[in-house]
Amino acid sequence: MSDNNHQWPIWEVFIQPKNGSAHEHAGSVHAPDGEMALLNARDVYGRRLEGVNMWVVPALAIVASTPDDVGPFFDPANDKMYRWPNYFKTPEGIKQIS
Amino acid sequence: MHFVKRILANCNQTSNIGMETTLSVEELNKREAEFDAKIASGITIEPKDWMPERYRKQLLRMMSQHAHSEVVGMLPEGNWITRAPSLARKAVLLAKVQDEAGHGLYIYSAAETLGMDRSEMIDQLLSGKAKYSSIFNYPTLTWADIGAIGWLVDGAAIVNQTVLAKCSYGPYARAMLRICKEENFHNKQGYQIMAYLMRGTKEQREMAQDAMNRFWWPSLMMFGPSDTNSPNSGDLMKWKVKLHSNDDLRQRFIDRTVPQAEAIGLRIPDENLKFNESTRHYDFGEINWEEFKQVVSGNGPCNKLRMKQRADAHTNGAWVREAAAAYSAKKAASKN
Amino acid sequence: MSSKNALIEYCLRIADNSSILAHRLSEWSGHGPILEEDIAMSNMALDLIGQARGFYAYAATLENKGRSEDDLAFRRDAREFVNRNLVEQPDHKDFGTAIMRSFLYSCLSYLQFRTLMNSNDETVSGLSAKAIKEVIYHVRHCGDWIVRLGDGTEESHQRITDSLNDLWMYTNELFEQNEVDAILLNDGVGVDLTLLQQDWLNLVKEIFSQAQLTIPDVGGYQSSGGIKGLHTEHLGFILAEMQFLPRAYPDAIW
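Residues numbered from 1 in each chain as written. Chains lettered and ligands numbered in written order. Predicted model: local features only at pLDDT ≥ 70, side-chain atom pairs only at ≥ 80, totals over all residues. Heavy atoms only, no water.

Asker: I tried to follow the overall build of chain B on my own but got confused; where do I start?
Answerer: The helix and strand tally for chain B stands at 13 helices and two strands. For chain B, the C-alpha radius of gyration of 22 Å lies close to 20 Å, the compact-globule estimate for 336 residues. Projecting the C-alpha coordinates of chain B onto the three principal axes gives extents of approximately 65 × 60 × 35 Å. In chain B, which comprises 336 residues, the proportion classed as buried is 59%. Of the roughly 13700 Å² that chain B leaves accessible, carbon and sulfur atoms contribute 54%. Computing the positive centroid from 44 side-chain charges and the negative centroid from 39, chain B places the two 6 Å apart. (Helix = DSSP H or I, 4+ residues; strand = E, 2+ residues; numbered from the N terminus. Rg over C-alpha atoms; globule rule 2.2 N^0.38 Å. Buried < 20%, exposed > 50% of the residue type's maximum accessible area, 1.4 Å probe, protein only. Areas by Shrake-Rupley, 256 points an atom, 1.4 Å probe, with all protein chains shown as cover. Lys, Arg positive; Asp, Glu negative; His and termini not counted. Charge placed at Lys NZ, Arg CZ, Asp CG, Glu CD.)

In structure tokens, the structure reads:
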């Protein structure tokens with residue numbers, strides 16, 4: 001890395017769009033530490049009233065599954081349809097439960 | 001130069017660089033076939049998915065070029081921020097140029113998932129190794145040029161980007177989606193500036209037509225060389241990074257822009273421009289490809305100035321970036 | 001001087017300060033030290049343009065002479081501008097100077113709007129309530145940078161110290177008052193700046209102590225007279241640039 005650069009590490013930015021909803025990934029910023037990452041995230045991703053709360057997370061701290069994991073991670077749920085409510089037919093004569 | 005090592009399932013993860021070197025020929029062929037099948041069935045490619053090295057390289061070239069264009073593109077318009085003729089125009093222009101910085105940032109981030117640091121991409125720009133859109137090497141001489149850029153140049157960019165939002169590489173497509181949403185007002189503010197000038201004084205109308213005359217042809221060049229002469233198009237189209245040819249997009253831009261010009265009384269500086277009833281498109285004159293070649297290869301009116309301005313900003317900011325990093329390092333050390 | 005004229009003058013001061021500082025910050029668009037900061041500086045400039053527009057518009061309404069916010073920004077000459085001289089100082093693309101200038105001003109602006117939120121004048125209190133949220137962020141953002149630059153590298157410490165030394169002579173003037181302030185204070189509309197001076201100093205000192213910076217010795221020349229239209233030579237150039245189009249094409253609508 002040349003002296004001119006001093007590349008700051010990458011932070012992933014998550015924004016809570018409105019009160020009560022879950023944080024969503026918005027994008028990334030470069031910053032030397034969390035405080036500045038937060039300020040940068042505010043300036044870059046908060047230009048259009050995008051939310052009520054922000055998280056910044058060092059990109060390196062995120063552990064992700066790999067494409068090869070798709071099968072073992074997600075396929076086993078395929079044959080467990082009983083986890084969905086529409087699996088259960090409501091017996092005739094009963095209007096509604098829960 | 002170290003690679004950015006990011007692993008993020010959802011959005012930004014580093015691609016598996018150099019994976020194929022460990023693969024046998026059969027395995028490589030099999031993976032390529034799987035990759036081609038994914039592309040064919042419209043499945044988005046994500047950073048950690050296997051991808052052919054050429055796909056990664058072509059994408060990186062295209063994306064970094066796009067990001068550089070956003071950042072260099074701040075300069076010709078930035079040139080007029082302090083001279084904007086009203087407070088409202090000043091705020092709009094400043095917000096627009098600021099958006100270009102944001103868009104550059106989004107695209108750099110997306111490109112970083114392909115395994116190259118933003119700082120390395122910037123080095124490539126400043127050393128002249130990487131290119132950026134030729135349009136930004138033309139000077140902004142009057143206020144009307146700000147209108148012309150917003151209307152024509154952003155108009156052309158929107159035609160391009162709307163298509164790119166459906167491209168095969170996930171991070172690029174997502175960045176484009178966000179950019180398209182934000183960029184809508186850029187084109188509108190430019191057209192509004194032109195419309196105001198055209199219903200203004202004689203000097204204002206002349207100013208607008210003059211800007212039109214200077215920016216029309218360079219705007220058409222933004223779509224790149226003609227299909228018969230575009231070396232990288234084949235692969236990029238095969239991989240669905242590009243979904244339409246340069247000429248198709250150029251035609252689309254002309255078809256939608258000519259009526260807009262006519263609506264406010266601007267003349268298109270092309271004697272051969274004529275609506276073709278049989279094709280339902282506008283025919284237009286020959287683009288000066290020699291000029292395009294010259295500007296792309298560094299011999300445009302402002303190439304040197306733009307690079308000097310970017311290089312100065314980067315050099316003058318080095319001590320600032322260094323100080324912030326040093327401060328964080330000190331704080332982190334004192335915590336341990 | 002009538003209460004109304006005092007209020008017009010008061011609004012012009014706030015608007016001129018905001019507009020001129022926004023001009024200086026907007027010079028950085030496309031030239032920031034890193035993309036994220038380029039965006040941040042434009043955000044601050046945009047906030048300030050918004051503040052300027054609000055207070056110009058109110059001044060225009062009060063004077064009721066058919067002038068618009070733009071007439072006030074673009075058709076007054078340097079001697080009629082009543083901004084503090086700090087905000088017109090050039091930074092020669094030195095980031096530390098730009099940040100120090102904004103920091104010193106924003107600290108005052110914060111304290112001033114905090115008080116003006118309770119102004120008897122509803123428009124002033126409304127505009128101030130909006131502005132204070134913006135200014136709190138400016139203080140935080142600039143303060144964060146002051147600390148990083150002051151306590152960063154040897155070079156950055158030296159550079160930000162130089163910026164502080166260069167700009168300090170414009171800080172006394174931030175608290176200058178005249179008849180306008182006396183009238184508005186009496187009306188419960190304005191602020192007594194002399195009461196804010198100590199708070200301002202405390203705020204500034206707190207950040208400076210984190211940044212390992214010391215306040216320069218007060219001595220030598222201290223700038224004076226911005227609110228009387230007595231400026232440094234820089235303002236004329238800012239206005240020449242800023243006002244060029246409306247002046248060159250007086251009948252044009254943009």
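Still more to cover.
Asker: Would you explain the interface of chain C and chain A in this entry?
Answerer: Quoted interface sizes are often the accessible area lost when the parts come together. With eleven residues of chain C in contact, the opposing surface of chain A contributes 14 residues. Summed over both partners, the interface of chain C with chain A buries about 1300 Å², with 56% contributed by carbon and sulfur atoms. Along the contact surface separating chain C from chain A lie two salt bridges. Elements supplying a minimum of two residues to the side of chain C that touches chain A: α2 (35-63) and α6 (122-150) of chain C. The residue makeup of the side of chain C that touches chain A, split by class, is five nonpolar, two polar and four charged. (Contact = heavy atoms within 4.5 Å. Buried area = accessible area lost by both parts, 1.4 Å probe. Salt bridge = Lys/Arg side-chain N within 4 Å of Asp/Glu carboxyl O. Nonpolar A, V, L, I, M, F, W, Y, C, P; charged D, E, K, R; others polar.)

Asker: Would you take a moment to explain the interface of chain C and chain B for this structure?
Answerer: Contacts between chain C and chain B engage 48 residues on the former and 48 residues on the latter. Roughly 4100 Å² of surface becomes buried between chain C and chain B when both sides are summed, with 68% attributable to carbon and sulfur atoms. Summed over the three residues of chain C that lose the most area to chain B, namely L35(C), R148(C) and W254(C), the buried surface amounts to 17% of that side. There are two salt bridges connecting chain C and chain B.

Asker: Sorry if this is basic, but what is going on with the sheet that holds strand β2 (residues 24-30) of chain A here?
Answerer: Sheet strands associate in pairs through backbone hydrogen bonding, adopting either a parallel or an antiparallel arrangement. Residue and element names in this part refer to chain A. If you trace the three strands from one edge of the open sheet to the other, you get β2-β1-β3, paired in antiparallel fashion. Each end of this open sheet is capped by a strand with a single partner; those strands are β2 and β3 (53-58). For this sheet, the mean angle separating the axes of adjacent strands, direction not counted, is 30°. As paired elements, strand β1 (residues 10-16) and β3 share six bridges and run antiparallel to each other. In the sheet register, E12 faces β3, and the bridge partner there is V57. (Pairing = 2+ DSSP bridges. Axes fitted to C-alpha atoms, helices over the stretch in contact; angles between N-to-C directions.)

Asker: Would you explain the packing of helix α7 (residues 170-198) of chain B against helix α10 (residues 246-264) of chain B in this entry?
Answerer: The description of two helices packed together rests on the angle between their axes and the distance between the axes. Residues and elements named next belong to chain B. As a packed pair, α7 and α10 sit with axes 9 Å apart at the nearest point and diverge in direction by 30°. Here α10 runs roughly parallel to α7, going by the angle between their axes. Of the residues in α10, those touching α7 at N187, Y191, M194, A195 and M198 are R256, Q260, A263 and I264. A class-by-class count of the residues in the contact of α7 with α10 yields six nonpolar, two polar and one charged. (Parallel < 35°, antiparallel > 145°, perpendicular 65-115°, else oblique.)

Asker: Would you mind going over the pairing of β1(A) with me for this structure?
Answerer: Both faces of the sheet carry side chains from a regular strand, because those side chains alternate between them. All names here are of chain A. For β1, the buried fraction is high: seven of the seven residues fall into the buried class. Side chains of β1 alternate between two faces, with I10, E12, F14 and Q16 and W11, V13 and I15 buried alike. Pairing of β1 with β2, which is carried by six bridges, proceeds in the antiparallel orientation. Each bridged residue has a counterpart across the sheet, and for W11 the counterpart in β2 is V29.

Asker: It is not clear to me how the confidence of the model for chain B should be interpreted in this structure. Could you clarify?
Answerer: Keep in mind that low pLDDT regions are not for reading the predicted coordinates in detail. Per-residue pLDDT for chain B has a mean of 92; in total, 94% of the residues score no lower than 70. Note on residues 1-13 of chain B: pLDDT is under 50 here. Beyond four places in sequence and across chains, it has 59 contacts. (pLDDT = per-residue confidence, 0-100.)

Asker: What is the right way to look at the packing of helix α2 (residues 53-72) of chain B against helix α5 (residues 118-126) of chain B in this model?
Answerer: Residues and elements named next belong to chain B. Running from N to C, α2 and α5 cross one another at 70°; their axes reach a closest spacing of 11 Å. Here α2 lies roughly perpendicular to α5, going by the angle between them. Residues S64, H68 and V72 of α2 lie in contact with α5, whose contacting residues are M121, I122 and L125. Of the residues belonging to the contact of α2 with α5, the class tally is four nonpolar, two polar and no charged.

Asker: What is the right way to look at the packing of aromatic side chains in this model?
Answerer: We describe a pair of aromatic rings using the distance from one ring centre to the other and the angle between the two ring planes. A complete count under the given rule lists 23 aromatic pairs over all chains for this structure. Ring centres of W8(A) and W145(C) lie 6.4 Å apart, and the angle between their planes is 35°; on these two criteria the pair is classed as tilted. Placement of the pair is W8(A) in the segment before β1 and W145(C) in helix α6, with the two residues belonging to separate chains. The pair W8(A) / W145(C) is uniform in exposure class, with both members buried. Their ring planes at 15° and their centres at 5.5 Å tell us that Y45(A) and Y106(B) sit as a pair that is stacked. Remark: Y106(B) occurs in helix α4 (residues 87-112) and Y45(A) occurs in helix α1 (residues 34-45); the pair is interchain, linking two chains. Each member of the pair, Y45(A) together with Y106(B), is buried. Within the aromatic cluster, the residues linked to one another by ring pairs are F35(B), W50(B), Y55(B), Y169(B) and W239(B). Here the guanidinium or amino end of R42(A) rests over the ring plane of Y137(C), the centre of that ring lying 3.5 Å away. Here R83(B) stacks its cationic end above the ring of W80(B), 3.7 Å away from the centre of that ring. (Phe/Tyr/Trp six-rings, centres within 6.5 Å; stacked < 30°, edge-to-face > 60°. Lys NZ or Arg CZ within 6 Å of the ring centre and 35° of its normal.)

Asker: Hey, could you run me through helix α9 (residues 193-210) of chain C in this one?
Answerer: Think of an α-helix as turning once every 3.6 residues; residues three or four places apart then point the same way. Residue and element names in this part refer to chain C. A rise of 1.5 Å per residue sets the reference length of α9, with its 18 residues, at 26 Å; its end C-alpha atoms lie 26 Å apart and thus fit the reference within 8%. All of the buried residues along α9 are L193, L196, W200, V204, I207 and F208. Against the buried residues of α9 lie α5 (95-116), α6, α7 (154-167) and α8 (179-186). Just downstream of α9, Q212 is the residue with a positive phi angle, here 60°. (Expected span 1.5 Å × (residues − 1).)

Asker: What should I look at first to understand the side chain of S133(B) in this one?
Answerer: With respect to the element layout, S133(B) can be found in the loop between α5 and α6 (143-164). In this structure, S133(B) is in contact with S69(B) and M222(B), ignoring residues within four places of it in sequence.

Asker: Before we go on, may I ask you to explain helix α10 (residues 234-242) of chain C in this structure?
Answerer: Residues and elements named next belong to chain C. Where α10 is concerned, the buried positions are L235, I238, L239 and M242. All buried residues of α10 project into a common sector of 95° when viewed along the axis, lining one side. Residues F237 and A240 are exposed on α10 and point more than 90 degrees away from its buried face. (Arc of directions from axis to C-beta.)

Asker: I'm lost on the environment of P33(C) in this one. Help?
Answerer: Checked against the element boundaries, P33(C) lands in the loop between α1 (3-26) and α2. Since its relative accessible area comes to 5%, P33(C) is described here as buried. For the pair P33(C) and F95(C), spaced 62 residues apart in sequence, the C-alpha to C-alpha distance is 7.5 Å. When near neighbours in sequence (up to four residues on either side) are disregarded, P33(C) contacts A313(B), G317(B), V320(B), R321(B), W28(C) and F95(C).

Asker: Could you clarify how one ought to interpret the pattern of salt bridges in this entry?
Answerer: Where charged atoms from two side chains of opposite charge approach closely, those side chains can pair. Here the structure, examined in full by the defined rule, presents 36 salt bridges over all chains. Between K293(B) and E290(B) there is a salt bridge, with its nearest N and O atoms 3.6 Å apart. Of this pair, K293(B) and E290(B) both sit in helix α11 (residues 289-296), three residues apart, which is roughly one turn of that helix. The partly exposed category is assigned to E290(B), whose relative accessible area is 43%. For K330(B), the salt bridge goes to D151(C), with nearest N and O atoms at 3.0 Å. Residue K330(B) is found in helix α13 (residues 318-335), and its partner D151(C) is found in the loop between α6 and α7; the two belong to separate chains. Overall, the relative accessible area of 38% leaves K330(B) in the partly exposed class. One salt-bridge network, in which partners are shared between bridges, spans R47(A), R48(A), D99(B), R178(B) and E182(B).

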